[in-house]
Amino acid sequence: DAGVIQSPRHEVTEMGQEVTLRCKPISGHNSLFWYRQTMMRGLELLIYFNNNVPIDDSGMPEDRFSAKMPNASFSTLKIQPSEPRDSAVYFCASSLQRGGFQETQYFGPGTRLLVL
Amino acid sequence: AQTVTQSQPEMSVQEAETVTLSCTYDTSESNYYLFWYKQPPSRQMILVIRQEAYKQQNATENRFSVNFQKAAKSFSLKISDSQLGDTAMYFCAFGTGGGADGLTFGKGTHLIIQP
């Protein structure tokens, strides 16, 4: 299995630009999660999807952030406009939810974003 | 809301020694899951071990084992015969039961294995 795939692995952009991060979950998984990691705040959940439907986006910092999952094999996290405080590592994770159990989440390699 | 606390920002041990990383959590949930993830310098998040709260037996995975004390809300990770490749950040994480849900992570412990 290829694991969770994220692109790009590194992104450097200027303040005010639009940034799009992409994620391909593990085939067959039906839950997808976006996390952000910073030195100050650690690992934070931004949003998660179940069967392509957003379930909880309470972690999305503000309206500049949006996430979509148009199908079971693709998700995007968009920041528009980007700001220097958005600089972080963004992780995508996926899991297979079966019934009422918390299944293990498998993480992608992350996207390191630097906003100048 | 759940909280996860890792009180050891950094630990250093000699190769082949045994080391224990601490984690405490706070929750009002009765059905939940606990995880330890490893993050080496590559930044990849790798699952080390998981524990279901309803199981009394402590989980083990080769050199890695946990000491799960449900009443004390404690979930420590023991690494036996530590190896240089164990050098990494280790994160304790909490997940609620009842289906897929986001994880709540601790701040992490930076473990350094000295040769």
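Before reading on, note that the structure itself is shown above.
Residues numbered from 1 in each chain as written. Chains lettered and ligands numbered in written order. Predicted model: local features only at pLDDT ≥ 70, side-chain atom pairs only at ≥ 80, totals over all residues. Heavy atoms only, no water.

Focus on the overall build of chain B
Along the backbone of chain B there are 0 helices and 12 strands. Along chain B, helices and strands appear, N-terminal first, in the series β-β-β-β-β-β-β-β-β-β-β-β. A globule of 115 residues ought to have a C-alpha radius of gyration of about 13 Å, and chain B, at 14 Å, matches this closely. By principal-axis analysis of the C-alpha atoms, chain B measures approximately 45 × 25 × 20 Å. Taken over 115 residues, chain B has a buried fraction of 50%. Sequence-distant contacts in chain B: of pairs separated by 6 or more residues, those separated by 24 or more amount to 55%. A distance of 4 Å separates the average location of the 9 positive side-chain charges in chain B from that of its 10 negative side-chain charges. (Helix = DSSP H or I, 4+ residues; strand = E, 2+ residues; numbered from the N terminus. Rg over C-alpha atoms; globule rule 2.2 N^0.38 Å. Buried < 20%, exposed > 50% of the residue type's maximum accessible area, 1.4 Å probe, protein only. Contact = heavy atoms within 4.5 Å. Lys, Arg positive; Asp, Glu negative; His and termini not counted. Charge placed at Lys NZ, Arg CZ, Asp CG, Glu CD.)

Thoughts on the pairing of strand β9 (residues 74-79) of chain B
All names here are of chain B. As paired elements, strand β3 (residues 19-21) and β9 share 3 bridges and run antiparallel to each other. Paired with T20 across the two strands is K78, which belongs to β9. Between the antiparallel neighbours strand β8 (residues 64-69) and β9 lie 4 residues, among them K73 with a positive phi of about 55°. (Pairing = 2+ DSSP bridges.)

Brief notes about the pairing of β8 of chain B
Residues and elements named next belong to chain B. Here strand β7 (residues 60-61) runs beside β8; their pairing, made up of 2 bridges, is antiparallel. Each bridged residue has a counterpart across the sheet, and for E61 the counterpart in β8 is F64. Looking at chain direction, β8 and β9 are connected through 6 bridges and run antiparallel. Across the sheet, the residue bridging to F64 is I79, located in β9.

Structural notes on the environment of S66 of chain A
All names here are of chain A. Position of S66 relative to the elements: it lies in strand β7 (residues 65-71). S66 sits 24 residues away from G42 along the chain, and the two C-alpha atoms are 20 Å apart. If we ignore the near neighbours within four places in the chain, the residues touching S66 are M60, T76, L77 and K78.

A word on the interface of chain A and chain B
Counting from both sides, the interface comprises 25 residues of chain A and, opposite them, 22 residues of chain B. For the pairing of chain A and chain B, the buried interface totals around 1900 Å² over both sides, and the portion due to carbon and sulfur atoms is 51%. When the area that chain A buries against chain B is broken down by residue, the three leading residues are L43, Q102 and F107 of chain A, summing to 33%. Where chain A meets chain B, there are 0 salt bridges. Here chain A and chain B share 7 residue pairs in polar contact (both at pLDDT 80 or more) between them. Going through the elements one at a time, β4 (31-38), β5 (42-50) and β9 (88-95) of chain A are the ones with two or more residues in the side of chain A that touches chain B. Its residues placed into classes, the side of chain A that touches chain B shows 11 nonpolar, 11 polar and 3 charged. (Buried area = accessible area lost by both parts, 1.4 Å probe. Salt bridge = Lys/Arg side-chain N within 4 Å of Asp/Glu carboxyl O. Polar contact = N/O pair within 3.5 Å; in protein donor to acceptor, adjacent residues only side chain to side chain. Nonpolar A, V, L, I, M, F, W, Y, C, P; charged D, E, K, R; others polar.)

Section: the packing of aromatic side chains
Tallied over the entire structure, the rule returns 15 aromatic pairs over all chains. Arranged with centres 5.2 Å apart and planes meeting at 75°, the rings of F107 of chain A and Y37 of chain B form a pair that is edge-to-face. Residue F107 of chain A is found in strand β10 (residues 106-107), and its partner Y37 of chain B is found in strand β5 (residues 32-39); the two belong to separate chains. In this structure F107 of chain A comes out as buried when scored by relative accessible area, which is 6%. Ring geometry for F35 of chain B and Y37 of chain B: centres 6.2 Å apart, planes at 35°, overall tilted. We note that F35 of chain B, like Y37 of chain B, is buried. These aromatic residues form a ring-pair network of at least three members: F33, Y35, Y48, F91 and F107 of chain A together with F35, Y37, F91 and F105 of chain B. (Phe/Tyr/Trp six-rings, centres within 6.5 Å; stacked < 30°, edge-to-face > 60°.)

Some words on a nonpolar patch on the surface
Together, V12, L114 and L116 of chain A give the surface a local cluster of nonpolar side chains, amounting to about 290 Å² of exposed area. Secondary-structure assignment places L116 of chain A in the segment after β11 (111-115). (Patch = residues over 30% accessible without salt bridge, like charges linked within 9 Å, V, L, I, M, F, W, Y side chains within 5 Å. Areas by Shrake-Rupley, 256 points an atom, 1.4 Å probe, with all protein chains shown as cover.)

Some words on the sheet that holds strand β1 (residues 5-7) of chain A
Residues and elements named next belong to chain A. Taken together, 4 strands build an open sheet; the order of strands is β1-β3-β8-β7 and the sheet is antiparallel. Two strands in the sheet have a free side with no partner beyond their single neighbour: β1 and β7. On average, each strand axis in the sheet is inclined to that of its neighbour by 15°, with strand direction left out of account. (Axes fitted to C-alpha atoms, helices over the stretch in contact; angles between N-to-C directions.)

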